[in-house]
Amino acid sequence: MAATTPRKAAARRTMPAAARRPKLAAVPAPEPIDILAEFGTEEKSPVPIKVGTIECEVLRGFSGDQAVEFHRLVGAAQLEQVLELITTDGAGLWAFIGQQTAEYASKILNKLINLSELYEGNLLAPLPGYGPNPAGAQPSPESNTTTE
C-alpha cells in the first residue's frame with residue numbers, strides 16, 4: 001500500500017469575499033430626455049414684414065416649450081398672445097387685424113403663422129363671431145318655413 005501524505009488544511013482567507021471583488025466604476029444616472037425639446041424649430045433669422053402701417057418682424061426658431069405654448073394659445077383662441085409670441089409687435093398687429101373682416105383676419109393670421117414656421121397650411125378658418133356680426137350666422141331663406 002502506498003503511503004498517504006496528510007492533506008494540508010485550506011489556508012484561511014483573511015479578506016472578506018466582497019473586498020476581493022474588483023470595484024466597478026459608478027454608473028451615472030441617465031440624463032432625462034426632454035420630450036418638449038423635440039417640438040422646437042430650427043433657429044433662423046426673423047422675417048421683416050409690413051401689415052398695413054405696422055412694421056415688425058416674424059420670429060423663427062422656437063424652443064419646444066414655446067412651440068407647445070403656441071399650440072395651447074391657438075387652441076384657446078388667444079390670438080393676441082399668439083402674435084406676441086411669434087412677432088415683435090403683437091399688440092399693434094392685433095389692433096390692425098381686429099379692424100379686418102373675419103376672412104381677411106384669418107388670412108393675415110395664417111400668413112404670419114406660416115412665416116413663423118410653427119405650422120404649415122391654414123391653421124385658422126374664418127373665426128365665428130369675429131367681425132361685423134358677432135351674433136352668429138344669418139338665417140337662411142328656408143329657415144322661415146315650418147314643418148308640421
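Residues numbered from 1 in each chain as written. Predicted model: local features only at pLDDT ≥ 70, side-chain atom pairs only at ≥ 80, totals over all residues. Heavy atoms only, no water.

## Things to note about the confidence of the model for the chain
Here the chain shows a mean pLDDT of 83. Residues at 70 or above account for 72%. This model gives residues 130-137 a pLDDT under 50, and the stretch forms eight contacts once residues within four places in sequence are excluded. (pLDDT = per-residue confidence, 0-100. Contact = heavy atoms within 4.5 Å.)

## Remarks on the nonpolar core
Counting 24 residues, the largest nonpolar core has Ile49, Phe70, Val82, Ile86, Leu93, Ile97 and Leu112 as the members making the most contacts within it. Not counting residues up to four positions away in its chain, the partners in contact with leucine 112 are Ile49, Val58, Leu83, Ile86, Leu93 and Ile97. (Core = buried A, V, L, I, M, F, W, Y, C linked by side-chain atoms within 4.5 Å. Buried < 20%, exposed > 50% of the residue type's maximum accessible area, 1.4 Å probe, protein only.)

## Section: the packing of helix H2 (residues 64-75) against helix H3 (residues 79-86)
In contact at an axis separation of 8 Å, H2 and H3 are set at 155° when each is read in the N-to-C sense. Comparing the axis directions of H2 and H3 gives the class roughly antiparallel. Relative to H3, the crossing made by H2 is left-handed. Here Gln66, Glu69, Phe70, Leu73 and Val74 of H2 lie close against H3, whose contacting residues are Gln81, Val82, Leu85 and Ile86. For the contact of H2 with H3, the residue count by class is six nonpolar, two polar and one charged. (Axes fitted to C-alpha atoms, helices over the stretch in contact; angles between N-to-C directions. Helix = DSSP H or I, 4+ residues; strand = E, 2+ residues; numbered from the N terminus. Parallel < 35°, antiparallel > 145°, perpendicular 65-115°, else oblique. Left-handed = near helix turned anticlockwise from the far one by under 90°. Nonpolar A, V, L, I, M, F, W, Y, C, P; charged D, E, K, R; others polar.)

## What about the side chain of serine 106?
Along the chain, serine 106 falls in helix H5 (residues 102-116). Given the relative accessible area of 4%, serine 106 is considered buried. Beyond its immediate chain neighbours, meaning those up to four positions away, serine 106 contacts Leu124, Ala125 and Pro126.

## Description of the pairing of strand E2 (residues 54-60)
The pairing of strand E1 (residues 44-51) with E2 spans six bridges and is antiparallel. Counterpart to lysine 44 in the pairing with E2 is arginine 60. As consecutive antiparallel partners, E1 and E2 are separated by two residues, and within that stretch glycine 52 has a phi angle of approximately 65°, a positive value. (Pairing = 2+ DSSP bridges.)

## Concerning the environment of phenylalanine 39
Summarising the element assignment, phenylalanine 39 is placed in the loop between helix H1 (17-20) and E1. We classify phenylalanine 39 as partly exposed; its relative accessible area is 46%. Distance from phenylalanine 39 to phenylalanine 62, taken between C-alpha atoms, is 8.7 Å for residues 23 residues apart in sequence.

## Side note on the pattern of salt bridges
The final tally for this structure, using the stated rule, is four salt bridges. Taking the shortest distance from any N to any O, the salt bridge between arginine 72 and glutamate 69 comes out at 2.8 Å. With arginine 72 and glutamate 69 both in helix H2 and three residues apart, the pair spans about one turn of that helix. Classification of arginine 72 as partly exposed rests on a relative accessible area of 45%. Members of the salt-bridge network, linked through shared partners, are Lys44, Arg60 and Glu117. (Salt bridge = Lys/Arg side-chain N within 4 Å of Asp/Glu carboxyl O.)

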